[in-house]
Amino acid sequence: MIRIGLVGLGKIAHDQHLPAIAGDPRFSLVAAASHGRPAHGDLPVFHDIDELLARGPAIDAVALCTPPQVRRETALTALRAGKHVFLEKPPGVTVGEVQELAAVARDQGVVLFTSWHSRFAAGVPAAKAWLAERKLQKLSIEWREDVRRWHPGQAWIWQAGGMGVFDPAINALSILTEIMPAEVFVTGARLQVPENVQAPIAGHVDMTTLDGAPITADLDFLQTGPQTWDITAWTDDGVLKLSLGGAELTIDGQPVEVGENREYPGLYDRFATLIADGRSEVDVRPLSLVADAFLVGDRERVEAFVE
């Protein structure tokens, strides 16, 4: 039994982490830490990771669901205390800080897991296997969702390090880097940034492979009604499409049976396996693509965002 603490009792913790932990018999949620100490049944809730470690029950691991801007110090504290650490996506605000955490985890002999939940969507493994045997001609990402629906009142997402539209779009990039048989590189970007915030609300990213196959990503954080989370790949032997964030797969328009979509249960299954094996899993490729888009992207100021 892995005794786990949860840091950050926000929307993603309630929607995904708490049910996934409760559904995995290898984990026992014994404590949480969250500013304001919101009540959650009989679970002891502490102000922060320091108080949890000092006054809480014994734990073996922590899952960090805080905004990315404050996650580094919390992760360092947990790792240096000898705890295994599960990082919600994105794993940090910079590539360098995640590499630092990986080095500390190695030194401490504990597991660090940079989780990318969309890679555990039902259609992703089959898409990866299918693309491995074909030559990519081009690929397009359409990732458009409603920030007011998915991130209500979350001001951190618009601050430096919050990533704006790349907070959801990094899910698409995590799928992309998982299913592609070759590395992907950013070649250009156009980012639309509201005049009253620091992070983009929409954008377009151009990428390519070493073989020159063009990859485009069209991103929007203001789409109302049905949400769009699609990846379409044209190859020398047909067209593949992942829809609903990877939950559904079609080949040449025909649906492929991929089973039940179990993203967060899949993450905790992987975390338990990594702990049992004593092996970290740290992948910064999706974060690197976001960083490169920010580095090379042209910025256009657009009207202010008002929730």
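The structure under discussion appears in the preceding block.
Reference entry: report on the structure contained in this document. (Residues numbered from 1 in each chain as written. Predicted model: local features only at pLDDT ≥ 70, side-chain atom pairs only at ≥ 80, totals over all residues. Heavy atoms only, no water.)

**Details of the environment of Arg119**
Put simply, the test is: Every helix listed is a DSSP run of H or I at least four residues long, and every strand listed is a run of E at least two residues long, numbered separately from the N terminus. What makes two residues a contact is simply this: any of their non-hydrogen atoms within 4.5 Å. Polar contact is the term for a pair of N or O atoms within 3.5 Å; when the atoms are in protein, one must be able to donate a hydrogen and the other to accept it, and sequence-neighboring residues count only if both atoms are side-chain atoms.
Mapped onto the fold, Arg119 is located in the loop between strand E6 (112-114) and helix H5 (124-131). For Arg119 and Ile179, which are 60 residues apart along the polypeptide, the C-alpha to C-alpha distance reads 8.8 Å. Ignoring anything within four residues of it in the chain, the contact list for Arg119 reads Val124, Ser174, Ile175, Thr177, Glu178, Asp283, Arg285 and Pro286. At a separation of 2.9 Å, a polar atom in the side chain of Arg119 contacts the side chain of Thr177.

**Considerations on helix H7 (residues 166-179)**
Put simply, the test is: By this rule, a helix spans an expected 1.5 Å times one less than how many residues it contains. Per-residue accessibility, obtained with a 1.4 Å probe over protein chains only, is compared with the maximum for each type, and a residue is labelled buried under 20%, exposed over 50%, and partly exposed between these values.
Compared with the 20 Å implied by 1.5 Å per residue over 14 residues, the 19 Å span of H7 between its first and last C-alpha is a close match. Of all 14 residues in H7, 13 are buried; the element is thus mostly enclosed.

**What about the nonpolar core?**
The test is simple: Definition used in this section: a nonpolar core is a set of buried Ala, Val, Leu, Ile, Met, Phe, Trp, Tyr and Cys residues joined via side-chain atoms within 4.5 Å.
Grouped together as the largest cluster of nonpolar side chains are 55 residues, with contacts concentrated most on Ile141, Phe166 and Met207. At eight residues, H7 tops the list of elements feeding residues into this core. Apart from residues lying up to four places away in sequence, Ile141 is in contact with Ala172, Leu173, Leu176, Met207, Thr216, Ala217, Asp218, Asp230 and Ile231. With 25 residues, the next largest nonpolar core counts Leu18, Ile21, Ala63 and Cys65 among its residues.

**Here's the deal with the sheet that holds strand E13 (residues 248-251)**
Selection criterion: Between any two strands, at least two bridges found by DSSP are needed for them to pair. Axis definition: a line fitted to C-alpha atoms, over the contacting stretch in the case of helices. Angles run 0 to 180 degrees between N-to-C directions.
Overall, mixed pairing links the nine strands, which are arranged E14-E13-E12-E11-E7-E10-E9-E8-E15 in an open sheet. Each of the sheet's edge strands pairs with one partner strand only, and the pair in question is strand E14 (254-256) and strand E15 (298-302). Taken pair by pair, the neighbouring strands of this sheet meet at an average axis angle of 15°, ignoring direction. For strand E12 (residues 238-243) and E13, the ladder comprises four bridges, and the chain directions are antiparallel. From the neighbouring strand, Ser243 faces E13, where its bridge partner is Glu248.

**A word on the side chain of Asp24**
Topologically, Asp24 is positioned in the loop between helix H1 (11-22) and strand E2 (27-33). Sequence-distant contacts of Asp24, defined by excluding residues within four places in its chain, comprise Tyr268 and Asp269.

**Regarding the packing of H5 against H7**
Rule in force here: Convention used here: angles under 35 degrees read as roughly parallel, angles over 145 as roughly antiparallel, angles from 65 to 115 as roughly perpendicular, and any remaining angle as oblique. Ten residues, namely Ala, Val, Leu, Ile, Met, Phe, Trp, Tyr, Cys and Pro, are considered nonpolar, four, namely Asp, Glu, Lys and Arg, are considered charged, and the remaining ones, Gly among them, are considered polar.
In the contact formed by H5 and H7, the axes pass within 9 Å of each other and the chain directions differ by 40°. As the angle between them shows, H5 and H7 are arranged oblique. On H7, the residues touching Val124, Ala127, Lys128 and Leu131 of H5 are Ile175, Glu178 and Ile179. Counted by class, the contact of H5 with H7 contains five nonpolar, no polar and two charged residues.

**Points about the sheet that holds E6**
Pairing is parallel in the open sheet, where six strands are placed in the order E3-E2-E1-E4-E5-E6. Edge positions in the sheet fall to strand E3 (45-46) and E6, since each of these pairs with one other strand and no more. Along the sheet, helix H3 (residues 71-80) contacts strand E1 (2-7), strand E4 (61-64) and strand E5 (84-87); its crossing angle with E5, the most-contacted strand, is approximately 160°. Lying on the sheet, helix H8 (residues 263-277) is in contact with E1, E2, E4, E5 and E6; it crosses E5 at an angle near 155°.

**Quick word on the pattern of salt bridges**
Condition: One speaks of a salt bridge when a side-chain nitrogen belonging to Lys or Arg is within 4 Å of a carboxyl oxygen belonging to Asp or Glu.
A complete count under the given rule lists 19 salt bridges for this structure. In this structure, Arg3 engages Asp60 in a salt bridge whose closest nitrogen and oxygen atoms are separated by 2.9 Å. Of this pair, Arg3 sits in strand E1 while Asp60 sits in the loop between helix H2 (49-55) and E4, and the two are 57 residues apart along the sequence. For Asp60, a relative accessible area of 24% puts it in the partly exposed group. The residue Lys11 makes a salt bridge to Asp15 at a minimum N-O spacing of 2.6 Å. Here Asp15 and Lys11 lie together in helix H1, a separation of four residues that amounts to about one turn.

Keep in mind that these numbers describe shape and distance, not what the molecule does.
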